[in-house]
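# Reading the structure
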Amino acid sequence: MKRFWKDIKRYMPYAKYATKSGLKSEVASSHLSWLWWILDPILFMLVYWFIFMVIFGQKKEYFHIFVFVGLSMWNLFNKTVSGSVRIVAANRAVVTKVYIPKYFLIIILLFQNLFKMAISFGIVLVMMIWSHVPVSYNVIYVIPIFVDLILITFGVSAILAHFGVFFDDLKNITNVGLRILFYMSGIFYVITDRVNEAIATLLLKVNPVGFLIDACRSALVYCETPHRKLILLWFVIGAALSAIGVAIIYKNENNYVKVI
């Protein structure tokens, strides 16, 4: 733990610089540049809104915001986890020439996706004001919900990044798993309304992404108090996953260069 905090202090300036450079290079060849960070989530939201609101007749109140919150949180988890599986090999030039704790590669990717999620939630706030969505004190629960999401995302990504060095097929397996998880997380439907009570309870308790998305919507959009004990439980699990991921990488990172 002492080594971890020492490395965080030492390499965090590099992580911030690499995050900015990565974001700039991502839109460098685009005519619309950074506007795509706004347009991309809005266009996806409009597609799902049209399909489920217009075609399937979804009647959920504030459904456009409902979908946007789910997509924004899912994109953070999905893009970070999927991008982390082969992240060590993808950064071969850095890994083989200079030393940096390999989990910092994940932190950089996570920072980039957090920046994009922050833009998305800025849009959410604009939509809430435009739609006259009432706000209650329950909005404060959004902070621990985001902390849980970050910890779980980082922990899962770190563990997969380690095994991804040794197993090339893990990328394909992870993509299939994420696709299944997407449909189990209620991105564009209310879990408790679409499946029977027993399965809905299971999905919301066992699936952290589904639970955190549901909890964020409840607190932010519908003025409801989320399940506080589950928020605390997933915080503990997320912290444990993160600690395990960092420990595994510390123990094995000297072998990564030999493999890649």
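Residues numbered from 1 in each chain as written. Predicted model: local features only at pLDDT ≥ 70, side-chain atom pairs only at ≥ 80, totals over all residues. Heavy atoms only, no water.

## Examining the packing of aromatic side chains
Enumeration over the complete set of coordinates arrives at 14 aromatic pairs. Look at Phe 63 and Phe 66: their rings are 5.7 Å apart centre to centre, the planes differ by 20°, and that puts the pair in the stacked class. Placement of the pair is Phe 63 and Phe 66 together in helix H3 (residues 63-84), with a separation of three residues, close to one helical turn. By relative accessible area, which is 1% here, Phe 63 ends up buried. Between Phe 182 and Tyr 183 the ring centres are 5.1 Å apart and the planes differ by 85°, which places this aromatic pair in the edge-to-face class. For Phe 182, a relative accessible area of 10% translates into the label buried. Against the face of Phe 66 rests Arg 217, its NZ or CZ located 3.5 Å from the ring centre. (Phe/Tyr/Trp six-rings, centres within 6.5 Å; stacked < 30°, edge-to-face > 60°. Helix = DSSP H or I, 4+ residues; strand = E, 2+ residues; numbered from the N terminus. Buried < 20%, exposed > 50% of the residue type's maximum accessible area, 1.4 Å probe, protein only. Lys NZ or Arg CZ within 6 Å of the ring centre and 35° of its normal.)

## Quick word on helix H1 (residues 2-26)
Taking 1.5 Å as the rise per residue, H1 with 25 residues should run 36 Å; its terminal C-alpha atoms sit 34 Å apart, in good agreement. The sharpest bend along H1 measures roughly 50° and falls at Tyr 11, with the proline Pro 13 sitting one to four residues further on. Inspection of H1 places Phe 4, Asp 7, Ile 8, Tyr 11, Met 12, Ala 15, Ala 18, Thr 19, Gly 22 and Leu 23 among the buried residues, and these make up the whole buried set. (Expected span 1.5 Å × (residues − 1). Bend = angle between axes of the 7 residues up to and from the residue.)

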